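# Reading the structure
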Amino acid sequence: MRIGIAGSGAFGTALAVTLAQAGQQVTLWARDAAAVETMRSERRVARLPDIDLPEGIDPVSELSALFACDTILLALPAQATRVFVTDHAGALAGKVLVACAKGIDLHSLTGQTAIIAEAVPSATPALLTGPSFAADIARGLPTALTLACTDTGCGAALQKALSTPTLRLYRSADVIGAELGGALKNVIAIACGACIGAGFGDSARAALMTRGFAEMQRLAAALGAAPETLMGLSGFGDLVLTCSSELSRNYRYGLALGRGEAFDSHTTVEGAATARAVTDLAAARGLDLPISAVTARMVAGDLTPLQALDALINRPLKEERE
Ligand SMILES: NC(=O)C1=CN([C@@H]2O[C@H](COP(=O)(O)OP(=O)(O)OC[C@H]3O[C@@H](n4cnc5c(N)ncnc54)[C@H](OP(=O)(O)O)[C@@H]3O)[C@@H](O)[C@H]2O)C=CC1
Ligand SMILES: O=C(CO)COP(=O)(O)O
């Protein structure tokens, strides 16, 4: 298996580092030729500044070098994946394409693997997701993720090839459940950050995580996910990590919303677009997802955190299991 990674941001680079340290040769593609020159000469990348790039990583800016690989990990922001795979559908034909982004595409309202399947029907789509901060993976801290693929033979091969001594992969055939867990937890993480930033406290955050998880399960079930997948690393596991750590950009963005502070618009915050996508999906299916709905409105600037709290806490009382 010849592994290429599209995107030398934090996650793409972290995966390249752990794979190279485990003895794999990895082609790491970035669109910025000047940045690639720096990566080649200094063996460093801007988004993981404390990490040395092992020799096994070959940073490239030529797409032909990436397309020479048979297995390509797509580590671009979720809203960039559709354009990338559509623009390069011919070159990607027949390859194994592993989506690494956590978000629902706003254009199609589908997950990353559906985008791949539509743009490149001859490719085998797979998904790598779960609780992990790029810096932790790159530093060799122990991490467990989910590798999801409906082609079980390909899933097993990927699980073996992409596991390293510090990165343990669990296999799943439920791609829809795994990608919804990873995408939806980012929306709840924004809500939790806003809750803490606005000073509503840890008890309120625990309520948001729990009721937010109920929303994740409700939407995922409606879209065909297996319920147990949401209980795993890609759902519950990533929800816990992202809603409780200031290393998360989604959580930090929520903190800024809660405090009424500005946030760097160049930072990748997947939950912002996905909150809008979730609102559209819920409306189309008649689902009640109140935390996701108020989060989308906070992100759009239509609600303050106090108004969001008011909208949530004053809803009609109901049974917990509803
Ligand atoms: N960081 C983390 O801890 C983790 C991230 N993920 C997921 O991985 C995905 C990527 O995140 P992450 O690596 O952190 O993001 P970063 O913001 O660190 O990096 C994004 C990378 O994508 C490139 N890029 C952006 N748009 C395009 C485009 N249109 N065409 C080509 N390249 C593009 C950027 O290039 P440029 O520098 O030129 O802008 C950059 O190299 C997200 O969905 C995230 O949720 C998953 C697990 C952990
Ligand atoms: O997905 C992640 C952790 O699993 C990274 O979270 P952020 O994108 O919020 O930084």
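Residues numbered from 1 in each chain as written. Chains lettered and ligands numbered in written order. Predicted model: local features only at pLDDT ≥ 70, side-chain atom pairs only at ≥ 80, totals over all residues. Heavy atoms only, no water.

### A few points about the domain arrangement of the chain
What counts is decided by this rule: In this document the domain limits rely on a domain assignment from an automatic tool or a database. Residue contacts are defined here by distance: any two heavy atoms, one from each residue, within 4.5 Å place the two residues in contact. A simple way to read buried area is as the amount of 1.4 Å-probe accessible surface that goes missing from two parts once joined, with both sides added. When a carboxyl oxygen of Asp or Glu lies within 4 Å of a side-chain nitrogen of Lys or Arg, that pair is called a salt bridge.
Its domain assignment divides the chain into domain 1 (3-173) and domain 2 (177-313). Here domain 1 and domain 2 have C-alpha centroids that lie 25 Å from each other. Across the boundary between the two partners, domain 1 contributes 24 residues, which contact 25 residues of domain 2. With both chains or domains summed, domain 1 and domain 2 bury close to 1,900 Å², and 69% of this area falls on carbon and sulfur atoms. By the criterion of area lost to domain 2, the three top residues of domain 1 are Lys102, Ile104 and Phe133, representing 34% of everything that side buries. Our enumeration of links across domain 1 and domain 2 arrives at one salt bridge. Residue Asp238 is joined to Lys102 by a salt bridge in which the shortest nitrogen-to-oxygen separation is 2.7 Å.

### Thoughts on a nonpolar patch on the surface
What counts here: To count toward a patch, a residue needs a relative accessible area above 30% and no salt bridge. Like charges then connect within 9 Å, nonpolar side chains (Val, Leu, Ile, Met, Phe, Trp, Tyr) within 5 Å. All accessible-area figures derive from a Shrake-Rupley calculation using a 1.4 Å probe, and residue coverage is judged against the displayed protein chains alone. Each helix corresponds to a stretch of at least 4 residues labelled H or I by DSSP, and each strand to a stretch of at least 2 residues labelled E; elements are numbered beginning at the N terminus.
Judged by side-chain polarity, Leu306, Leu309 and Ile313 come together as a nonpolar surface patch covering roughly 300 Å² of accessible area. With respect to the helices, strands and loops of the structure, Leu309 is situated in helix H16 (residues 305-313).

### What about the sheet that holds strand E3 (residues 57-60)?
Heads up, the condition is: Here, any two strands with at least 2 DSSP bridges between them count as paired. All axes here are fitted lines through C-alpha atoms, helices being fitted over the stretch that makes contact, and every angle between N-to-C directions spans 0 to 180 degrees.
The strand order across the open sheet built from eight strands is E3-E2-E1-E4-E5-E6-E7-E8, with neighbouring strands paired in mixed fashion. A single partner strand is all that each edge strand has here, and the edge strands are E3 and strand E8 (167-172). Each adjacent strand pair in this sheet contributes to an overall mean axis angle of 25 degrees, direction not counted. Bridge count between strand E4 (residues 71-74) and strand E5 (residues 96-99): four bridges; the pairing is parallel. Bridging across to E5, Leu73 finds its partner in Val98. Contacting E4, E5 and strand E6 (124-129), helix H6 (residues 112-119) crosses the sheet at an angle of about 160 degrees to E6.

### Thoughts on the site of ligand 2
Rules: Nearness of a residue to a molecule or strand requires only that one of the residue's heavy atoms be within 4 Å of it. A 3.5 Å cut-off defines polar contacts: any pair of N or O atoms within that distance qualifies, except that in protein one atom must be a possible hydrogen donor and the other a possible acceptor, and neighbouring residues in sequence count only when both atoms are side-chain atoms. Nonpolar residues are Ala, Val, Leu, Ile, Met, Phe, Trp, Tyr, Cys and Pro. Charged residues are Asp, Glu, Lys and Arg, and all others, Gly as well, are polar.
The environment of ligand 2 is formed by 13 residues, the closest being Lys102, Asp238, Ser248, Arg249 and Asn250. Taking Ser132, its main chain carries an N or O atom lying 3.0 Å from an oxygen atom of ligand 2. At 2.8 Å, a backbone N or O of Arg249 approaches an oxygen atom of ligand 2. Considered on its own, ligand 2 offers 300 Å² of accessible surface; in the complex 92% of this is hidden by protein. For the shell around ligand 2, the element with the most residues is helix H12 (residues 233-244), which contributes three residues. Per-class residue counts for the shell around ligand 2 are four nonpolar, five polar and four charged. Looking at which domains feed residues into the shell around ligand 2, each of domain 1 (3-173) and domain 2 (177-313) supplies at least three.

### Let's talk about unusual backbone geometry
Condition: Burial status follows relative accessibility: with a 1.4 Å probe on protein chains alone, a residue under 20% of its type maximum counts as buried, one over 50% as exposed, and anything between as partly exposed.
Even without being glycine, Arg43 reaches a positive phi, approximately 55 degrees. Relative to the elements of secondary structure, Arg43 occurs in the loop between helix H2 (33-42) and E3. According to the relative accessible area criterion, Arg43 is buried, its value standing at 17%. Unusually for a residue other than glycine, Leu109 sits at a positive phi of about 55 degrees. Mapping Leu109 onto the fold places it in the loop between E5 and H6.

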